[in-house]
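Chain and residue survey
These are the residues of each chain, in order.
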Amino acid sequence: MPKIVIMPSILAADMGRLADECRRAEAAGSDALHVDIMDGHFVPNLSMGPDVVKMARAAVKIPLDTHLMVTHPQNLTGAFIKAGANPLLIHVEAQCDLRAVLHDIRKQQVRAGLTLNPETPVEALWPFLADVDEVLFMSVHPGFGGQSFIPQVLPKVAALRRRMPELDISIDGGINRTSTIAAAEHGVNMFVAGTYLFSAPDMAAEIAHMRQSIIAAYGKKVA
Ligand code: DX5
Ligand code: ZN
């Protein structure tokens with residue numbers, strides 16, 4: 001199976017102590033941090049900008065998986081890459097030349113990813129499979145943490161996993177102990193979790209528990 005990656009989403013961290021929260025997540029055994037960027041247009045909310053990525057880059061050594069929920073990513077990728085974003089993910093629903101933006105990200109030695117909203121068919125990915133290092137399935141409607149997992153996205157995950165046995169496939173939204181298992185069974189190897197991990201009494205124990213359940217469940221519902 002592809003490498004398991006567990007990524008706390010710092011959207012759910014204590015914003016008053018964000019650098020400490022990044023370090024706490026790294027010390028708990030996270031493989032990367034997930035950073036949610038919202039423009040108030042693609043989604044009805046605002047979150048963070050390149051300066052937060054720069055702060056996180058200085059605080060921790062693990063990768064910063066940066067998720068651009070923005071309408072016009074072509075205007076922003078440079079600033080995020082300069083700040084330390086890697087991988088950098090754009091949405092398949094964004095208004096831009098997707099292939100050109102993905103190529104531009106890769107040209108700068110940064111991993112490029114495509115993200116799909118829950119209602120977007122998986123077929124939207126097929127033209128871009130050679131252009132991505134990671135695919136992120138949204139399992140909630142993007143814009144806010146703390147929502148419930150939408151299980152209807154799981155057949156899309158399995159369809160991509162059947163086609164791409166080695167691709168990094170991540171899932172984002174409503175991940176907890178139960179949905180982690182369902183996602184792993186359908187072929188997810190990278191897990192974003194905000195509320196669940198940052199509110200856990202012992203983040204390290206919870207990450208270790210996730211890792212064990214992912215290994216046990218991985219791929220069981222792909223065939
Ligand atoms: C939602 C974001 C998610 C969010 C997940 O728009 O893309 O990354 O942080 O939060 P939880 O894990 O609380 O659903
Ligand atoms: Zn996200």
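Now for a quick tour of the structure. Keep in mind that what you see is a predicted model, and the values were worked out from it rather than measured. (Residues numbered from 1 in each chain as written. Chains lettered and ligands numbered in written order. Predicted model: local features only at pLDDT ≥ 70, side-chain atom pairs only at ≥ 80, totals over all residues. Heavy atoms only, no water.)

A word on the nonpolar core
Which entries qualify depends on this criterion: Remark: nonpolar core denotes a set of buried residues (Ala, Val, Leu, Ile, Met, Phe, Trp, Tyr, Cys) joined through side-chain atoms within 4.5 Å. Three exposure classes are used, based on accessible area relative to the maximum for each residue type with a 1.4 Å probe and protein chains only: buried under 20%, partly exposed in between, and exposed over 50%. What counts as a helix is a DSSP run of H or I of at least four residues, what counts as a strand is a run of E of at least two, and both are numbered from the N terminus. The contact criterion used is simple: two residues touch if any of their non-hydrogen atoms lie within 4.5 Å.
Judged by nonpolar contacts, the single largest core of 67 residues is most densely connected at Ile10, Leu114, Leu125, Phe137, Leu160 and Ile171. Sort the elements by how many residues they give to this core and helix 8 (residues 203-217) lands first, with five residues. Setting aside its immediate chain neighbours within four residues, Leu160 contacts Val122, Leu125, Trp126, Leu129, Val135, Phe137, Leu167 and Ile169. Counting residues in each nonpolar core, the second largest holds nine residues, with Leu89, Leu136, Val140 and Met190 among its members.

Remarks on the packing of aromatic side chains
The geometry of an aromatic ring pair is captured by the separation of the ring centres together with the interplanar angle, meaning the angle of the planes. Our working definition: In this analysis, rings of Phe, Tyr and Trp, with Trp reduced to its six-membered ring, are considered paired at centre separations within 6.5 Å, and the interplanar angle assigns stacked below 30 degrees, edge-to-face beyond 60, and tilted for intermediate values. Two limits define a charge over a ring: the Lys NZ or Arg CZ must be within 6 Å of the ring centre, and within 35 degrees of the ring normal.
In total, this model carries zero aromatic pairs according to the counting rule given. The ring of Trp126 is capped by Arg163, whose NZ or CZ atom sits 4.0 Å from the centre of that ring.

Section: the site of ligand 1
Rules: One heavy atom suffices: a residue is near a molecule or strand as soon as one of its heavy atoms comes within 4 Å of it. Pairs of N or O atoms within 3.5 Å make up the polar contacts considered here, provided that, within protein, one atom can donate a hydrogen while the other can accept it, and that residues adjacent in sequence are counted only when both atoms are side-chain atoms. Throughout, the Shrake-Rupley method with a 1.4 Å probe supplies accessible areas, and for residues the shown protein chains are the sole cover considered. Each cavity reported here is a set of points on a 1 Å grid over the protein atoms alone in which a 1.4 Å probe fits but cannot get out, each pocket an open set with protein on both sides within 12 Å along at least five of seven lines, and each lining residue one with an atom within 4 Å of a point. Occupancy of a cavity or pocket is assigned to a molecule whenever over half of its atoms lie within 2 Å of that pocket's grid points.
Ser9, Asp36, Gly143, Asp172 and Thr195 are the nearest of the 20 residues found near ligand 1. The contact in question runs from an oxygen atom of ligand 1 to an N or O atom on the backbone of Gly143, over 2.7 Å. Between ligand 1 and the protein, one listed contact pairs an oxygen atom with a backbone N or O atom of Gly194 at 2.8 Å. Coverage of ligand 1 by the protein chains reaches 99% of its 380 Å² of free accessible surface. At a threshold of 2 Å from the grid points, most atoms of ligand 1 map onto the largest pocket. Elements supplying a minimum of two residues to the shell around ligand 1: strand 2 (33-38), strand 3 (64-69) and strand 8 (190-193). At three residues, the largest contribution of residues to the shell around ligand 1 is made by strand 2.

Re the packing of helix 1 (residues 18-27) against helix 2 (residues 50-59)
Defined as follows: Fitting a line to C-alpha atoms yields each axis, with helices limited to the stretch in contact; the angle taken between N-to-C directions then spans 0 to 180 degrees. Angle categories are assigned with fixed cut-offs, so that under 35 degrees is roughly parallel, over 145 is roughly antiparallel, 65 to 115 is roughly perpendicular, and the rest are oblique. Whether a crossing is left-handed or right-handed is set by the direction in which the near helix is turned from the far one by less than a right angle, anticlockwise for left-handed and clockwise for right-handed.
Running from N to C, helix 1 and helix 2 point in directions that differ by 50°, and their axes come no closer than 9 Å. Considering the angle they form, helix 1 stands oblique to helix 2. Considering the relative orientation of helix 1 and helix 2, their crossing is right-handed. Across from Leu18, Ala19, Cys22, Arg23 and Glu26 in helix 1, the residues of helix 2 making contact are Val52, Met55, Ala56 and Ala59.

Some words on the pattern of salt bridges
To be explicit about the condition: Salt bridges, as used here, are contacts in which a Lys or Arg side-chain nitrogen is within 4 Å of a carboxyl oxygen on Asp or Glu.
According to the stated counting rule, one finds ten salt bridges in the structure shown. Of the charged contacts in the structure, one is a salt bridge between Glu206 and Arg177, with a shortest N-O distance of 2.7 Å. Here the residue Glu206 occupies a position in helix 8, and Arg177 occupies one in helix 6 (residues 177-185), the gap between them amounting to 29 residues.

Concerning the sheet that holds strand 8
Quick reminder of the rule: If DSSP finds at least two bridges between two strands, the strands pair.
Taken together, the eight strands give an open sheet; going across it, the order is 1-8-7-6-5-4-3-2, and neighbouring strands pair in parallel fashion. Bordering the open sheet on either side are strand 1 (5-8) and strand 2, each of which pairs with just one other strand. Between one strand axis and the next, the sheet turns through 20° on average, direction left out of account. Bridging between strand 4 (residues 88-91) and strand 5 (residues 112-116) involves four bridges; their strand directions are parallel. Each residue of the ladder has a partner; that of Leu89, found in strand 5, is Gly113. Along the sheet face, helix 2 touches strand 2 and strand 3 and points at about 170° away from the line of strand 3. The strands touched by helix 8 within the sheet are strand 1 and strand 8, with strand 1 carrying the most contacts at an inclination of about 145°.

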